[in-house]
Amino acid sequence: MILNALLFNVCWFGLIFWGNYFIPVVFIWLAWHLKNCPNPKQEFQLIFQVAAIGLIIDSSLMHVGIFSFEQESLIIPAWLLVLWAAFAATLNHSIKLICRNVTISRCIGAFVVPMSYLAGERLEAVYFQFSYLATVATISIVWMLLLPYLMSLTVEQKQGYA
């Protein structure tokens, strides 16, 4: 569990600091992650599904002006999509420990996840278009609803390396 969380955080920092240049490193971790999971097919499906959801959610937030990126595009940058995939690789593992309960999952979604967006903004990976309060409130509401849903997509499985 700790290794899974640690490697995700390495991916988070790498993608925030180096953007698309860090994507190959994340793909190497995801390949290793899948190789060491008890059910790689189900894990791959979860990662793909969550990345697709993330693409829709963050692209929608971008289009309504909650945040923006250096380069304008129809969808979020590739590094952010890959970050969603890396995040998905924690759902059946390190995050599952703390998000088993829907209420706890809602609280983490509302109060902890927005800190990741704030850190990304401070590190200039993303730019907020509205006030901090409006942006964080929006992200909090989205994630308060989203994280329990994402946790519902996970399956009970024997833990691998994670």
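Residues numbered from 1 in each chain as written. Predicted model: local features only at pLDDT ≥ 70, side-chain atom pairs only at ≥ 80, totals over all residues. Heavy atoms only, no water.

## Here we look at the overall build of the protein chain
Worth spelling out the cut-off: In this text, helices come from DSSP runs of H or I with a minimum length of four residues, and strands from runs of E with a minimum of two, each type numbered from the N-terminal end. Each radius of gyration is computed over the set of C-alpha atoms, and the globule rule expresses the reference value as 2.2 Å times the number of residues to the power 0.38. Accessible area is worked out with a 1.4 Å probe on protein chains only. A residue is then buried under 20% of its type maximum, exposed over 50%, and partly exposed in between. The contact rule is simple, with two residues in contact once any of their heavy atoms fall within 4.5 Å. Methods summary: accessible areas were calculated by the Shrake-Rupley approach with a probe of 1.4 Å, and residue burial reflects only the protein chains presented.
The helix and strand inventory of the protein chain stands at seven helices and two strands. Going from the N terminus to the C terminus, the protein chain shows its helices and strands as α-α-α-β-α-α-α-β-α. Against the globule reference of 15 Å for 162 residues, the protein chain gives a C-alpha radius of gyration of 15 Å, in line with a compact fold. Counting only C-alpha atoms, the protein chain reaches 45 × 35 × 25 Å along its principal axes. Looking at the 162 residues of the protein chain, the share that counts as buried comes to 48%. The contacts in the protein chain between residues at least 6 apart in sequence include a share of 74% that link residues at least 24 apart. Just so you have it, the protein chain exposes about 8,800 Å², and 69% of that area is on carbon and sulfur atoms.

## Comments concerning the packing of helix α4 (residues 78-91) against helix α7 (residues 132-152)
Our working definition: An axis is simply a line fitted to the C-alpha atoms; with a helix, the fit covers only the stretch in contact. Between two such axes, the angle follows the N-to-C directions and lies from 0 to 180 degrees. In what follows, roughly perpendicular refers to angles from 65 to 115 degrees, roughly parallel to angles under 35, roughly antiparallel to angles over 145, and oblique to any angle outside these ranges. Helix crossings fall into two classes, left-handed where the near helix is turned counterclockwise from the far one by less than a right angle and right-handed where it is turned clockwise. Here the nonpolar group is Ala, Val, Leu, Ile, Met, Phe, Trp, Tyr, Cys and Pro; Asp, Glu, Lys and Arg are the charged ones; every other residue, Gly included, is treated as polar.
Between α4 and α7, the least distance of the axes is 10 Å, while the angle of their chain directions is 60°. The angle between α4 and α7 falls in the class oblique. The interaxial crossing formed by α4 with α7 has right-handed handedness. Residues Trp-84, Phe-87 and Leu-91 of α4 form the contact with α7, whose own contacting residues are Trp-143, Leu-146, Leu-147, Leu-150 and Met-151. Grouping the constituent residues of the contact of α4 with α7 by class yields eight nonpolar, no polar and no charged.

## Some thoughts on the side chain of Asn-4
Structurally, the position occupied by Asn-4 is in helix α1 (residues 2-18). Given a relative accessible area of 0%, Asn-4 falls into the buried group.

## Brief notes about the UniProt feature "transmembrane region" (unreviewed entry) in the protein chain
Applicable threshold: UniProt positions are given in the numbering used here, feature names are shortened, and annotations may be inferred rather than shown by experiment.
The feature "transmembrane region" (unreviewed entry), as given by UniProt, occupies residues 6-32, 44-68, 74-91, 103-120 and 126-150 in the numbering adopted here. Spanning residues 44-68, this segment combines 80% helix with 8% strand, and its end C-alpha atoms are found 29 Å apart. Between the C-alpha atoms that bound residues 103-120 there is a distance of 26 Å. The span itself is 100% helix and 0% strand.

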